Every structure is written in C-alpha cells, then in structure tokens.
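Residue strings, one per chain:
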Amino acid sequence: MERAVPTSPTAANRSCENLECYMVLMQAEKTAISSICFLAGPFTLLENALVLGVIAATATLRRRPTYLFIASIALADVFASCFFTTSFLDFHLFRHSDGPTAYLFKLGGVTMAFTSSVGSLLLTALDRYLCIQQASSYKVLLTRRRALICLLILWSTTIFISFLPLMGWRCPTGLTPPCSSLFPYINHGYLACWTSFTLVLLTLILCAYALILWKAHRHESSMTSLQGAAGTGHARMRMDIRLARTFGLILLILVGCWLPALSFMLADVSVILTHTQQRAFAFCSTLCLVNSAVNPLLYALRCRELRVALLQLLQRLCVIGRCKKTTQDLPQGIHVTEEISCTAITKHEIPANGTMQLHSVSEMVNKQQDNIRKSVQIKE
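Residues numbered from 1 in each chain as written. Predicted model: local features only at pLDDT ≥ 70, side-chain atom pairs only at ≥ 80, totals over all residues. Heavy atoms only, no water.

(A) Representation of the overall build of the chain. Each helix and strand counted, the chain has 13 helices and zero strands in total. Listing the helices and strands of the chain from first to last along the sequence gives α-α-α-α-α-α-α-α-α-α-α-α-α. Looking at the chain as a whole, 43% of its 380 residues are labelled buried. A separation of at least 24 residues holds for 82% of the contacts in the chain among residues at least 6 apart in sequence. When the accessible surface of the chain is totalled, it reaches about 19,600 Å², and 65% of it is carbon and sulfur. (Helix = DSSP H or I, 4+ residues; strand = E, 2+ residues; numbered from the N terminus. Buried < 20%, exposed > 50% of the residue type's maximum accessible area, 1.4 Å probe, protein only. Contact = heavy atoms within 4.5 Å. Areas by Shrake-Rupley, 256 points an atom, 1.4 Å probe, with all protein chains shown as cover.)

(B) Structural context of the nonpolar core. Of all hydrophobic cores here, the largest spans 62 residues; its most connected members are Tyr103, Phe183, Ile205, Tyr209, Trp258 and Met265. Mapped by element, the contributors of at least two residues to this core are α2 (27-57), α4 (65-93), α5 (100-133), α8 (188-227), α10 (239-270) and α11 (275-300). Among all residues touching Met265, those that are not within four sequence positions of it are Leu182, Phe183, Leu191, Trp194, Thr195 and Phe281. By size, the runner-up hydrophobic cluster in this structure holds 14 residues, among which are Tyr67, Ala71, Cys303 and Ala309. (Core = buried A, V, L, I, M, F, W, Y, C linked by side-chain atoms within 4.5 Å.)

(C) View of helix α7 (residues 144-162). Here α7 spans 27 Å end to end across 19 residues, near enough to the 27 Å set by a 1.5 Å rise per residue. Looking at α7, one finds that the buried residues are Ala147, Leu151, Leu154, Trp155, Thr158, Ile161 and Ser162. When α7 is viewed along its axis, its buried side chains cluster within an angular range of 135 degrees and face the same direction. Turned more than 90 degrees from where α7 packs its buried face, Arg145, Leu152, Ile153 and Phe160 sit exposed. (Expected span 1.5 Å × (residues − 1). Arc of directions from axis to C-beta.)

(D) Structural context of the packing of aromatic side chains. Tallying each qualifying case throughout the model produces 12 aromatic pairs. Seen from their ring centres, Phe105 and Phe163 are 6.0 Å apart, and the 40 degrees between their planes marks the pair as tilted. Here Phe105 is found in helix α5, whereas its partner Phe163 is found in the loop between α7 and α8, with 58 residues between them in sequence. Taken together, a centroid distance of 5.5 Å and an interplanar angle of 75 degrees make the contact between Trp169 and Tyr190 edge-to-face. Highlighted residues: Trp169 in the loop between α7 and α8 and Tyr190 in helix α8, separated in sequence by 21 residues. For Tyr190, a relative accessible area of 7% translates into the label buried. (Phe/Tyr/Trp six-rings, centres within 6.5 Å; stacked < 30°, edge-to-face > 60°.)

(E) A look at α4. Here α4 spans 41 Å end to end across 29 residues, near enough to the 42 Å set by a 1.5 Å rise per residue. By the criterion of burial, α4 is predominantly enclosed, with 22 of the 29 residues buried. Positioned one or two residues after α4, Arg95 has a phi angle of 55 degrees, which is positive.

(F) Main features of the state of the cysteines. Applying the stated criterion to the full structure yields one disulfide. Disulfide partner of Cys171: Cys179, at an S-S distance of 1.6 Å. Between Cys171 and Cys179, the S-S torsion sits near -90 degrees, and that sign places the bridge as left-handed. Residue classification places Cys179 among the buried positions, given a relative accessible area of 4%. (Disulfide = S-S within 2.5 Å.)

(G) The packing of α2 against α11, seen in detail. Taken N-terminus to C-terminus, the directions of α2 and α11 make an angle of 25 degrees; their axes are 9 Å apart at the nearest point. The angle between the axes of α2 and α11 places the two elements in the roughly parallel class. In this structure, α2 meets α11 at a crossing whose hand is left-handed. Here α2 contributes Glu29, Ile33, Ile36, Cys37, Ala40, Gly41, Phe43, Thr44, Glu47, Asn48 and Val51 to the contact with α11, which in turn contributes Arg279, Ala282, Phe283, Thr286, Leu289, Val290, Ser292, Ala293, Val294, Pro296, Leu297 and Ala300. (Axes fitted to C-alpha atoms, helices over the stretch in contact; angles between N-to-C directions. Parallel < 35°, antiparallel > 145°, perpendicular 65-115°, else oblique. Left-handed = near helix turned anticlockwise from the far one by under 90°.)

(H) The side chain of Ser117, seen in detail. Note on placement: Ser117 falls in helix α5. Accessibility expressed as a relative area gives 1% for Ser117, which makes it buried.

(I) Structural context of unusual backbone geometry. Phi angles above zero are rare outside glycine, and Tyr185 is one such case at about 70 degrees. You can see Tyr185 is positioned in the loop between α7 and α8. With relative accessibility at 10%, the residue Tyr185 sits in the buried group.

(J) How the structure looks around the pattern of salt bridges. Under the criterion given, the structure shown has three salt bridges. One salt bridge in this structure joins Arg64 and Glu305, with 2.3 Å as the shortest N-O distance. Here the residue Arg64 occupies a position in the loop between α3 (59-62) and α4, and Glu305 occupies one in helix α12 (residues 304-329), the gap between them amounting to 241 residues. Judged by its relative accessible area of 28%, Arg64 is partly exposed. A relative accessible area of 36% means that Glu305 is categorised as partly exposed. (Salt bridge = Lys/Arg side-chain N within 4 Å of Asp/Glu carboxyl O.)

See below:
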C-alpha cells in the first residue's frame, strides 16, 4: 500500500524550495542541543582517539582480534563525533543550506560512522560469544587475519549502503512530499531499508549477549554441582550474575540511545511528521552521539589489559619528557651518563595486583573460558 500524499493546506506548506522547512528548532532547543553536541563531540573524539592510540602503540593488543574490533568501534565513533557534530550544528544552529550533492555527502558520512559503530558492536558481541561457546578452539577459529577480513567486509558494506543516496537512490520529488520529513532528498524506501538494517544489527547484538548469558548460567550451574555450593557461592558473586549486570547495562544504553531515533524514522516512512515531532527527533538523534561517547567506557577502558597498556604508554611519555628536560638542563660539554639516561618501562616494572576484581566483559568471558576448560578436565 502506497503512502498517501495529503492535499490539505498543511501538507502544501510542507513543500519548500530550500531546506528551511527542515530547520525547525526553537531558540531554547538550539541552546540545549548545541550544548550536548559541544560537550559530547570533543569528549567522544578525545577518548576514542586515545583508545586508538593505545591499541596502535601496543603490539600485543594489535595482534588480538578482540582489540581489533574495539579499535573499529573507536574509529567509527571518531568519525561520528566529527561528521555528526559539524554537520548537525552547521545545519540546525547556523542554518547553512547545502545543495543536494553536498548535503547527501555529509549525511553519508554520518550514516557510515553510526552504521559502522553498530556493526563493530555486533562483531564484538559475536567475538565474545565465540570465546565462551568455542573456548578450546577460539584462537584457531578467530585469527587476526579473519578478524581483519570481517572488518574489511563490514566497512565496505557500510560505506556502500551509506552513500547510496549520493549515488542516485534519492527522493524523486526533491524536497516535497512524499520525501522524508526528517532528511532532505531522502527516499522513504532507502530510509526504511537502512532503519530495518540497523534494527537487525541491534537484534543480533541482543541475541548474542542473551546466548552468552545462557551459556554462562549453564556453566555456573554445572560447576556448582561438581564443586558444591560452599566452594563457589560464598566467596564472590556468581559469574553469570556479574555478566548479567554488565550486559544489562550495555544493552540498556544501546537500546535507550538508538531506539527513539529509529522509531521516528520508521514513523516517518508511514506518516507525515509534524514540526514538534521533527524537533523531538533532532534531540533523539543526539543520543546516538552520546552512545558513541559511552562506548569507550563500556568496551575499551574497562579492559584491564588496555588500562595497563595506557599506563605504560603514559609512563614512557613521562620518561621521555624527563629525559629531554634533563638533557636540556645539563651544561654544555657534559655528556649524559648511564645513571641519568632514560629507558622505557616494561610491563614487569608495574606492580601486579593479584586480588584485582574483573571489571570488563572481556575478562569475565576469559574467566568463563578458563572455567570451562577446568570443568572439561574434571569430567575427563
């Protein structure tokens, strides 16, 4: 059934020769939304760039598929912070109108960034599921080469999908209905396909984490029956409960940030949205940027290995800085001796904390992997 185009004066007023009909924010809304963008944009850029820098500077992390997927999330969120913040503020705050080609190019960059971010989150979820489901053969199944191939396929697919409107799949009537009420020049068929594709990715993420929790619960139950409740339940919280809390937080943030915007997009396909609904969508779209700001805290900085690598990198930078300062302060003609020369600090010089609790999902999944191997040995 085709979407009917109303012929009332209200519908006629929605037609516009430029992009003014899409610039619907009031002054108070401009202030609130621009504040979110000015705060979340630079913060998202800095923390994701920090994650990328640490992974790129640490050889052990670069070789592991898990951190390659985390680096892909960080790279996508760096693009999101740049493309979304600049284009959104330029359009809604400074009311700068672009031609169809320039606008669709900017929109394609934003779409590519957010789609790649959600796709990388899916790869991370599948990586963790494979880690706990195929614990004994995980390193054989998911090699660094296969992880890079998966990332290449992901980014190639998202780039192709994101720039389809620029390549010709755009609204045939320009800025008048039945075009999208949320995005100029966008065809309703394309909007429906992209929204459905994103919802499928989110659904697969939910399913992957649900399977991880089910597997963890089954394993904890079998370990309790083998070792006795006294040996596992009193010392610390059950692993499956800790995983449930962590995954619950991840999924709550993911769904809470993405579902409102996707709901407005689906509604835009079937009905003509009012200016109030357009303004509500503008606010909901900033939640996607907030999700990009939260991703490093959930997926990267909670990993103990990455935090240790960050500390090592900061210590090396501090040592190099002290070296330069010491060399500059020396009188001319005096050479640097071995006592004041600076060397890089290795991981063995950092004190280990054997009682440190597991804070990241990766560490809890790795712990589950070790427990599964032990249980297999007990059964044998």
